[in-house]
Amino acid sequence: YKDKSVTIHNGLNLKIWDKQRDCDFIRGINKILFCYIGRSSAMKGLDTILNSDIPDDIDFYFVVSEKNAEEPLFTNIKNKCNNKNIFHIQGLYGQDKIDFLSATDAVIMPSKHEPAGIVAMEALITKNILITGGTGLVGRRLTPLLHAKGYNVSYLSLKKGKNGEVTLYQWDIENCKIDE
């Protein structure tokens, strides 16, 4: 078995990050590319993105599979897409997902609860800006590791302020606004 086994540390196969290819499925024309990648679920905070005005100079991609999608959330995602600067991709897996994450400038994950955050880790491996709340793995594990490496970490929160070394930016869910 020794010759037929591969150890994948922490459940992530890091070899697929060694080489990224160009993404021929990126259709936007803007230089700045943001995305949400994950499930169509109310707990993922997608209503915040859906109710926000996405600037015309940013291409935004919803990478959401129709499989197990919550309605009407999935329909609202498709309706938000204008094929000008807001797009939907049915789902990306394996090397295609890594290539896409490598091409983006920021990954938006406004989850109300993110216990493990595999996509968050994948986004960080591709040296992306990760915009998320400080819950679960992000808040308890990644924050101290990022601080130790010299990174500045801020969270989206229901209240504005400070939490130790972390700046909390208010995420007003009801009005779909984030303070600056």
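For the structure itself, look to the data block above.
Residues numbered from 1 in each chain as written. Predicted model: local features only at pLDDT ≥ 70, side-chain atom pairs only at ≥ 80, totals over all residues. Heavy atoms only, no water.

## Remarks on the packing of aromatic side chains
Note the following rule: Stacked, edge-to-face and tilted are the three classes for Phe, Tyr and Trp ring pairs, Trp counted by its six-membered ring, which pair at centre distances within 6.5 Å; planes under 30 degrees apart are stacked, over 60 edge-to-face, the rest tilted. In this description a helix means any DSSP run of H or I spanning at least four residues, a strand means any run of E spanning at least two, and both kinds are numbered starting from the N terminus. Relative accessible area decides the class of each residue, using a 1.4 Å probe on protein chains only: under 20% of the type maximum gives buried, over 50% gives exposed, and in between gives partly exposed.
Using the criterion set out here, one finds 3 aromatic pairs in the structure. With a centroid separation of 5.5 Å and an interplanar angle of 75°, the aromatic rings of Tyr61 and Phe100 are classed as edge-to-face. Linking Tyr61 in strand S2 (residues 58-63) with Phe100 in helix H3 (residues 94-103), this pair joins segments that are 39 residues apart in sequence. Residues Tyr61 and Phe100 agree in their burial class; the two are buried. In this structure an aromatic cluster arises from ring pairing among Tyr61, Phe87 and Phe100.

## Some thoughts on the pairing of strand S4 (residues 106-109)
To keep it simple, the criterion reads: A pair of strands is treated as paired once DSSP finds two or more bridges between them.
Residues of S4 alternate between two faces, with Ala106 and Ile108 on one and Val107 and Met109 on the opposite face, all of them buried. Two strands pair when backbone bridges link them, and strand S1 (residues 32-37) and S4 are joined in this way by 2 bridges, in the parallel orientation. By the bridge assignment for S4, Cys35 is matched with Val107.

## Here we look at the side chain of Lys97
Filter applied, for reference: The contact criterion used throughout is that any non-hydrogen atoms of two residues lie within 4.5 Å.
Of note, Lys97 is situated in helix H3. Residues in contact with Lys97, not counting those within four places in the same chain, are Ile37, Leu92 and Glu122.

## Focus: unusual backbone geometry
Going from Glu71 to Pro72, the amide bond is cis rather than trans, its omega being 5°. Secondary-structure assignment places Pro72 in the loop between S2 and helix H2 (73-80). Positive phi, normally seen in glycine, also occurs at Asn83, with a value near 55°. Take Asn83: it is sitting in the loop between H2 and strand S3 (86-89). Taking relative accessible area as the criterion, Asn83 reaches 58% and is therefore assigned exposed.

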